[in-house]
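# Structure assessment
These are the residues of each chain, in order.
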Amino acid sequence: MTIKADELDQLLGFAMRLASEAGEITLRYFRRLVDSTVERKRDGSFVTTADREAEAHLRRALQAEFPDDAILGEEEGEQAGRSGRRWIIDPIDGTFSFVHGVPFYGVLIGLEAGGEPQLGVVNIPALGEMAAAAHKRGCFWSQGAARVSTVDQLKEALLLATDFGACRQRGHQQLIDELEKCVSQRRTWGDCYGHLLVATGRAEIMLDPVMNIWDCAALLPIVEEAGGTFTDWAGNRTIAGGNAMSTNRSLFDPTMSLINKYAKQ
């Protein structure tokens, strides 16, 4: 299923406005949370009143504008559609950061048609940054056109991860140790913001050992349209791989070589 370029532009504009509105909802609570607005899910992760209100707003707007489209969201699950299109939303990606008053959280909106990611928007409301991309339309952010870096050697790369400890706990001790030796610097500027840093040329590699489809759907178009790669740790181009890696493309092969070398060791 393909979407015509002019319609895709309109859909992207709508998604950007919606992400901005949801971001404003989150800012009403940012650094103003009290115990009664923060809960723990079964998996131990946080959910807040801001998550729920922002997702409810996204769903209402999408249902009103596109009643035939499916919607999948982190907090309220999936609503079936009949158009062949599905909106995939995460009202607050990086809720841990949000709860702790750290501004590296984002509102994510992705759209797929016929199972193929078509567009993505990432709004980082506390920083005033937004990135948006659509299939074959390029990637743009608050500072203009977004492009990955031209760094082509691991020894010059900035490596990011949401949590290097989590990578090690999931059996990737040797891989992370080796990667850290090979790169220039490493930081835990994580969640969607780490992938945005790769897409905008401010980092070269971003690793996430655990990812859901709503974490990935907006990111794949953004990273790819900026010239990078977005895959799972097996190198597959997917938003449903259970983990994710963004690279500036030049460093995809050497990173995958290390992953394959230390896989299951």
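Since the model is a prediction, treat every value here as computed from it, not as a measurement.

The next subject is the overall build of the protein. Of regular secondary structure, the protein possesses eight helices and 15 strands. For 265 residues, the compact-globule estimate of 2.2 N^0.38 gives 18 Å, and the C-alpha radius of gyration of the protein, at 18 Å, lies within 12% of that figure. In the protein, which comprises 265 residues, the share counted as buried stands at 55%. Sequence-distant contacts, at least 24 apart, represent 61% of the contacts inside the protein between residues at least 6 apart. Just so you have it, the protein exposes about 11,700 Å², and 46% of that area is on carbon and sulfur atoms. Of the side-chain charges in the protein, 28 are positive and 37 negative, and the distance between the mean point of each set is 2 Å.

Attention now moves to the sheet that holds strand β12 (residues 185-187). Taking strand neighbours across the sheet as the criterion, the five strands line up as β12-β11-β13-β15-β14 in an open arrangement whose pairing is mixed. The open sheet has two edge strands, β12 and β14 (229-231), and neither has a second partner. Along the sheet, successive strands turn relative to each other by an average axial angle of 15°, direction set aside. The pairing of β14 with strand β15 (residues 244-247) spans three bridges and is classified as antiparallel. Bridge pairing in β15 places T229 opposite T247. Across the sheet, helix α5 (residues 191-199) is in contact with β11 (158-161), β13 (205-208), β14 and β15; its angle to β13 comes to roughly 155°. Taken strand by strand, helix α8 (residues 252-262) contacts β13, β14 and β15, and its axis lies near 145° from that of β15.

A word on the side chain of H57. Inspection of the secondary structure puts H57 in helix α2 (residues 49-65). Among the polar contacts made by the side chain of H57, one reaches the side chain of E21 at a distance of 2.8 Å. If we skip the residues at most four places from it in the chain, H57 touches L18, E21, A22 and I25.

What follows deals with the packing of helix α1 (residues 5-27) against α2. Two numbers describe how α1 lies on α2: the axes approach to 9 Å, and their chain directions differ by 155°. Taken as axis vectors, α1 and α2 run roughly antiparallel relative to one another. Read as a crossing pair, α1 and α2 show a hand that is right-handed. Judged by residue contacts, F14, L18, E21, A22, I25 and T26 of α1 engage A50, E53, A54, H57, L58, A61, L62 and E65 from α2. In terms of residue class, the contact of α1 with α2 is built from nine nonpolar, two polar and three charged.

The rules we used
- Residues numbered from 1 in each chain as written.
- Predicted model: local features only at pLDDT ≥ 70, side-chain atom pairs only at ≥ 80, totals over all residues.
- Heavy atoms only, no water.
- Helix = DSSP H or I, 4+ residues; strand = E, 2+ residues; numbered from the N terminus.
- Rg over C-alpha atoms; globule rule 2.2 N^0.38 Å.
- Buried < 20%, exposed > 50% of the residue type's maximum accessible area, 1.4 Å probe, protein only.
- Contact = heavy atoms within 4.5 Å.
- Areas by Shrake-Rupley, 256 points an atom, 1.4 Å probe, with all protein chains shown as cover.
- Lys, Arg positive; Asp, Glu negative; His and termini not counted.
- Charge placed at Lys NZ, Arg CZ, Asp CG, Glu CD.
- Pairing = 2+ DSSP bridges.
- Axes fitted to C-alpha atoms, helices over the stretch in contact; angles between N-to-C directions.
- Polar contact = N/O pair within 3.5 Å; in protein donor to acceptor, adjacent residues only side chain to side chain.
- Parallel < 35°, antiparallel > 145°, perpendicular 65-115°, else oblique.
- Left-handed = near helix turned anticlockwise from the far one by under 90°.
- Nonpolar A, V, L, I, M, F, W, Y, C, P; charged D, E, K, R; others polar.

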